[in-house]
Amino acid sequence: MVDINWEELGFSYIKTPLRYLSYWKDGEWDEGVLTEDNQLHISEGSPAIHYGQQCFEGLKAYRCKDGSINLFRVDQNAKRINTSARRLMMPEIPEEKFIEAVKQVVLANHEYVPPYGSGGTLYLRPLLIGVGDSIGVSPAKEYIFTCFCMPVGPYFKGGMKPTNFIVSDYDRAAPVGTGAVKVGGNYASSLLPGSEAKERSYSDCIYLDPQTHTKIEEVGSANFFGITKDMKFITPISPSILPSITKYSLLYLAKERLGLEAIEGDVKLSELDQFSEAGACGTAAVISPIGGIQFDDTFHVFYSEEEVGPITQKLYAELTGIQFGDVEAPEGWITNLSINK
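Residues numbered from 1 in each chain as written. Predicted model: local features only at pLDDT ≥ 70, side-chain atom pairs only at ≥ 80, totals over all residues. Heavy atoms only, no water.

(A) View of the environment of I135. Relative to the helices and strands, I135 resides in the loop between β7 (121-131) and β8 (142-152). Accessibility expressed as a relative area gives 57% for I135, which makes it exposed. For the pair I135 and E44, spaced 91 residues apart in sequence, the C-alpha to C-alpha distance is 9.1 Å. (Helix = DSSP H or I, 4+ residues; strand = E, 2+ residues; numbered from the N terminus. Buried < 20%, exposed > 50% of the residue type's maximum accessible area, 1.4 Å probe, protein only.)

Next comes the structure, spelled out in structure tokens:
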């Protein structure tokens, strides 16, 4: 293994030895290569720079007890990046090419996958950008698909604890804009409201639906879920919400493993009293418990500001158990990679 203090890892960029790089030109993708160069060399006229013609994904590789490595639902990331690509008029990446790129990067950098039991993972960032000599507002004529990785520590240092959030006056996305795809502009526009929330000592902000400002859509850059007092798992549904792979995994597990009624539906601010627990979910944190939400002059507390609710704990244990290979996974969820030593 490499000389890394696994206990000190946070969520920051670390250069690893190899990354995948492939070019699209004249209507087709090249074979792609692994390269040591962590710099992208692009034209100053690239549409990705000027007009935001770019999208990305985020996923993790998990070290199992036997030393092998798990990828979690990588086929869903392959599908989602193509949904984003279609929205921005970029060429789709064949699913098998995407999955093969991820596998190559993990295996080439396998020594950087944190040990089993450390809580760390290998974070992967696939990226698709429009490049080439262009300046007009039109789709690029050339594209780069790359995938790089870095080891990251556990999201919750010292254990999973609830944090508080505040409802934002800003809109995350337009009603029929790009909210449902994973494009950089969505995240750039969240920096200011997120910063303002943190200045007021909240973890991040809650975004409401842009049409009525009465329903919860997203929590920072994560999806919201709540557990009702009558044991229903509810998560918002909207055409401007990013379809989180973690969210849909939790919907399945809540129903099939925990026996809850699982619902995608409206989550109205006026009806928060129905929830006994709440959280945000996504690749980075898996589940981030929500202690309370501030909106207007009201502060609504869910289970507790200090303790994680029992259903949230069970969902977290079930999902992470599957990811690290300790709990049986639903069919097709896990791609296991063996390391040839």
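(B) Representation of unusual backbone geometry. The phi torsion at D26 lies on the positive side, around 55 degrees, for a residue other than glycine. With respect to the helices and strands, D26 occurs in the loop between β1 (19-25) and β2 (28-29). A positive phi is found at R73, a non-glycine position, where the angle reads about 50 degrees. Take R73: it is sitting in the loop between β6 (69-72) and α2 (74-87). What makes R73 buried here is its relative accessible area of 14%.

(C) Highlighting a negative patch on the surface. Taken together, the side chains of D169, E196, E199, D296 and D297 define an acidic patch exposed on the protein surface. Structurally, D169 is set in the loop between β9 (163-167) and α4 (184-188). Assessed through its relative accessible area of 72%, D169 is described here as exposed. (Patch = residues over 30% accessible without salt bridge, like charges linked within 9 Å, V, L, I, M, F, W, Y side chains within 5 Å. Areas by Shrake-Rupley, 256 points an atom, 1.4 Å probe, with all protein chains shown as cover. Salt bridge = Lys/Arg side-chain N within 4 Å of Asp/Glu carboxyl O. Lys, Arg positive; Asp, Glu negative; His and termini not counted. Charge placed at Lys NZ, Arg CZ, Asp CG, Glu CD.)

(D) Representation of helix α3 (residues 95-108) within the structure. End to end, α3 covers 20 Å across 14 residues, agreeing with the expected 20 Å (1.5 Å per residue, within 8%). Inspection of α3 places K97, F98, I99, A101, V102, V105 and V106 among the buried residues, and these make up the whole buried set. (Expected span 1.5 Å × (residues − 1).)

(E) A look at the pairing of strand β12 (residues 222-228). Among the seven residues of β12, seven are classified as buried, and the element is accordingly described as predominantly covered. Taken together, the two bridges between strand β11 (residues 216-219) and β12 define a ladder with antiparallel strand orientation. Among the inter-strand pairings, E218 is bridged to a residue of β12, identified as N223. Between β11 and β12, which pair antiparallel in sequence order, lie two residues; one of them, G220, sits at a positive phi of approximately 60 degrees. Pairing of β12 with strand β15 (residues 275-282), which is carried by six bridges, proceeds in the antiparallel orientation. From the neighbouring strand, N223 faces β15, where its bridge partner is C281. Sheet topology note: the β12/strand β13 (residues 232-235) ladder contains two bridges and is antiparallel. Directly across from G226, in β13, lies its bridge partner I234. Where β12 hands over to β13, the hairpin turn is made up of three residues, of which M231 adopts a positive phi near 65 degrees. (Pairing = 2+ DSSP bridges.)

(F) Spatial organisation of helix α6 (residues 245-256). For α6, which comprises 12 residues, the first-to-last C-alpha distance of 16 Å matches the rise-based estimate of 16 Å (1.5 Å per residue) to within 8%. Where α6 starts, the residue carrying a side-chain oxygen 3.2 Å from the main-chain nitrogen of T246 turns out to be S244. (Polar contact = N/O pair within 3.5 Å; in protein donor to acceptor, adjacent residues only side chain to side chain.)

(G) Local environment of the packing of aromatic side chains. Counted under the stated rule, the structure contains 12 aromatic pairs. Three or more aromatic residues joined by ring pairs make a cluster, and in this case those are Y20, W29, F98 and F145. (Phe/Tyr/Trp six-rings, centres within 6.5 Å; stacked < 30°, edge-to-face > 60°.)

(H) Inspection of the domain arrangement of the protein chain at higher detail. Considered domain by domain, the protein chain is made up of domain 1 (19-152) and domain 2 (163-324). Just the C-alpha atoms count here: the centres of domain 1 and domain 2 sit 26 Å apart. Facing the 25 residues of domain 1 at the interface are 21 residues of domain 2. Buried surface at the junction of domain 1 and domain 2, summed over both partners, amounts to about 1800 Å²; 63% is from carbon and sulfur atoms. If you sort the residues of domain 1 by the area they bury against domain 2, F56, F72 and R80 come out on top, with a joint share of 33%. Seen at the junction of domain 1 and domain 2, the total is zero salt bridges. Seen at the junction of domain 1 and domain 2, the total is 10 residue pairs in polar contact (both at pLDDT 80 or more). When contributions to the side of domain 1 that touches domain 2 are tallied by element, the ones reaching two or more residues are β4 (54-56), β5 (59-63), β6, α2 and β7. Taken together, the residues that form the side of domain 1 that touches domain 2 break down as nine nonpolar, nine polar and seven charged. (Domains from an automatic or database assignment. Contact = heavy atoms within 4.5 Å. Buried area = accessible area lost by both parts, 1.4 Å probe. Nonpolar A, V, L, I, M, F, W, Y, C, P; charged D, E, K, R; others polar.)

(I) Summary view of the UniProt feature "modified residue: N6-(pyridoxal phosphate)lysine" (unreviewed entry) in the protein chain. Here the UniProt-annotated "modified residue: N6-(pyridoxal phosphate)lysine" (unreviewed entry) positions come out as K182. As for its placement among the helices and strands, K182 is situated in the loop between β9 and α4. Each residue touching K182, except ones within four places of it in the same chain, is listed here: C55, F56, E57, G58, R80, S84, Y187 and L242. (UniProt positions renumbered as here; feature names shortened; annotations may be inferred.)

(J) Structural view of the nonpolar core. Counting residues in hydrophobic clusters, the biggest one holds 39 residues, and the most contacted among them are F98, V102, V106, L124, L128 and F145. Elements supplying a minimum of two residues to this core: β1, β5, β6, α2, α3, β7 and β8. Examining the composition of this core, we find that six residues originate from one element, α3, more than from any other. If we skip the residues at most four places from it in the chain, L128 touches W29, Q53, Q54, C55, I81, A85, M90, P91, I93, Y143, I144 and F145. Within the second largest apolar cluster, 20 residues are counted, among which are F72, F225, L251 and I287. (Core = buried A, V, L, I, M, F, W, Y, C linked by side-chain atoms within 4.5 Å.)

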